[in-house]
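# Observations on chain architecture
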Amino acid sequence: MSGSTKPEQSGDTDLTNRQDTGEDLADFEFALMRTFEGFSRWQAECFGLVSTLSASGPEITLLNVIRMNDRPKTIKELARVTNRDDVPNIQYSLRKLASANLIRKMGSGRGGVTYSVTDAGLNVTARFDKERQQLLLEALSQVPGLMDRVAEAGRVLDVITGVYDGVSRSATARRQV
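Report on the accompanying structure. (Residues numbered from 1 in each chain as written. Predicted model: local features only at pLDDT ≥ 70, side-chain atom pairs only at ≥ 80, totals over all residues. Heavy atoms only, no water.)

Right, let's talk about the overall build of the chain for a bit. For the chain, the count of helices and strands is six helices and two strands. Listing the helices and strands of the chain from first to last along the sequence gives α-α-α-α-β-β-α-α. Across the 177 residues of the chain, 21% fall into the buried class. Here the analysis covers contacts within the chain between residues at least 6 apart in sequence; of these, 53% occur between residues at least 24 apart. (Helix = DSSP H or I, 4+ residues; strand = E, 2+ residues; numbered from the N terminus. Buried < 20%, exposed > 50% of the residue type's maximum accessible area, 1.4 Å probe, protein only. Contact = heavy atoms within 4.5 Å.)

Next up on the list: the packing of helix H2 (residues 57–67) against helix H5 (residues 119–141). In contact at an axis separation of 10 Å, H2 and H5 are set at 110° when each is read in the N-to-C sense. Between H2 and H5, the angle is such that the two are roughly perpendicular. Residues Ile60, Leu63, Asn64 and Arg67 of H2 pack against Leu122, Val124, Thr125, Ala126 and Phe128 of H5. (Axes fitted to C-alpha atoms, helices over the stretch in contact; angles between N-to-C directions. Parallel < 35°, antiparallel > 145°, perpendicular 65-115°, else oblique.)

A word on a nonpolar patch on the surface. Nonpolar side chains collect at one region of the surface, where Leu137, Met147 and Val150 lie side by side and expose about 210 Å² of accessible area between them. Along the polypeptide, valine 150 turns up in helix H6 (residues 146–174). (Patch = residues over 30% accessible without salt bridge, like charges linked within 9 Å, V, L, I, M, F, W, Y side chains within 5 Å. Areas by Shrake-Rupley, 256 points an atom, 1.4 Å probe, with all protein chains shown as cover. Salt bridge = Lys/Arg side-chain N within 4 Å of Asp/Glu carboxyl O.)

Dropping the structure here:
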């Protein structure tokens, strides 16, 4: 009998699932962009509580990464940890942080240059962390179970970052010159 609707229904279901998945992915990506912008704004406002330097979210992130583990970092390490490849922008941010006496450049030549926080940078990052804990962690703790969800979201975002990195390489390989 050729009148069976099962294959059509299966095909329709697959198409609907793909459309739903595409819409879910688009919703996720839009939420991710809004989250990034909100996070950057939060960083800048929190940083404004402890410093007169007008710094962007990525600049504040670089300062905090340089302080991580209290050891100097190279530009290559900073780029890798922050998943960035815009080295000229990283260099600009480093010059801005150094001009504000929050970091210092040490060494010279290719690969011999590292950045570390100054005493002023230690002071600012410590005060930033204190304000962050007081404001943000207090707000997050007001929602029961949210911290567990935040931890899970961090793990999911790590996986999704890998997926985006992989498809980015695929897109680059497929690009027509």
